[in-house]
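Report on the structure
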Amino acid sequence: MKIRIIALPDEATQAANLIARTFDVIEISDPLACRGASRHVRIYAEVRLPQASE
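The following paragraphs examine the structure supplied in this document.

Calculation notes
- Residues numbered from 1 in each chain as written.
- Predicted model: local features only at pLDDT ≥ 70, side-chain atom pairs only at ≥ 80, totals over all residues.
- Heavy atoms only, no water.
- Helix = DSSP H or I, 4+ residues; strand = E, 2+ residues; numbered from the N terminus.
- Buried < 20%, exposed > 50% of the residue type's maximum accessible area, 1.4 Å probe, protein only.
- Contact = heavy atoms within 4.5 Å.
- Lys, Arg positive; Asp, Glu negative; His and termini not counted.
- Charge placed at Lys NZ, Arg CZ, Asp CG, Glu CD.
- Salt bridge = Lys/Arg side-chain N within 4 Å of Asp/Glu carboxyl O.
- Core = buried A, V, L, I, M, F, W, Y, C linked by side-chain atoms within 4.5 Å.

Bringing the overall build of the protein chain into the picture now. The secondary structure content of the protein chain amounts to 1 helix and 4 strands. Its helices and strands taken in sequence order, the protein chain reads β-α-β-β-β from the N to the C terminus. Counting the 54 residues in the protein chain, one finds 20% classified as buried. If you take every contact in the protein chain between residues at least 6 apart in sequence, the share linking residues at least 24 apart comes to 51%. Each charge class in the protein chain was averaged separately, 7 positive and 7 negative side chains, and the resulting centres sit 9 Å apart.

Given below as C-alpha cells:
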C-alpha cells in the first residue's frame, strides 16, 4: 500500500511517525518540497497491513 502525506514539515514528520507505529513499513521517503511557493512537503510511505499473530 502506498501513502502520500502532504503537510507542513513538522506535521508531515509526525504523520510519518504515526504511520510507522500503525503499519508494517517497507519504506518512507525523505521529505520532498512541493512545487511552487508552497511551504508544504511530501512524504511517501510504502507499507503493509500488520500481520495478525498466529
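From this point, the narrative continues.
Oppositely charged side chains may form a pair once their charged atoms are brought near each other. A complete count under the given rule lists 1 salt bridge for this structure. Here D24 ties to R48 by a salt bridge, and the two come within 2.7 Å at their closest N and O atoms. Of this pair, D24 sits in strand β2 (residues 24-28) while R48 is found in strand β4 (residues 41-48), placing the two residues 24 residues apart along the sequence. On the basis of relative accessibility, which here comes to 29%, the residue D24 falls in the partly exposed class. Given the relative accessible area of 43%, R48 is considered partly exposed.

Right, let's get into the nonpolar core. If you look at the biggest cluster of nonpolar residues, it comprises 9 residues: I5, A7, A12, A16, I19, V41, I43, A45 and V47. The element contributing the most residues to this core is β4, with 4 residues.

Turning next to the environment of I43. Here I43 shows up in strand β4. Along the backbone, I43 and T13 are 30 residues apart, and their C-alpha atoms lie at a distance of 8.1 Å.

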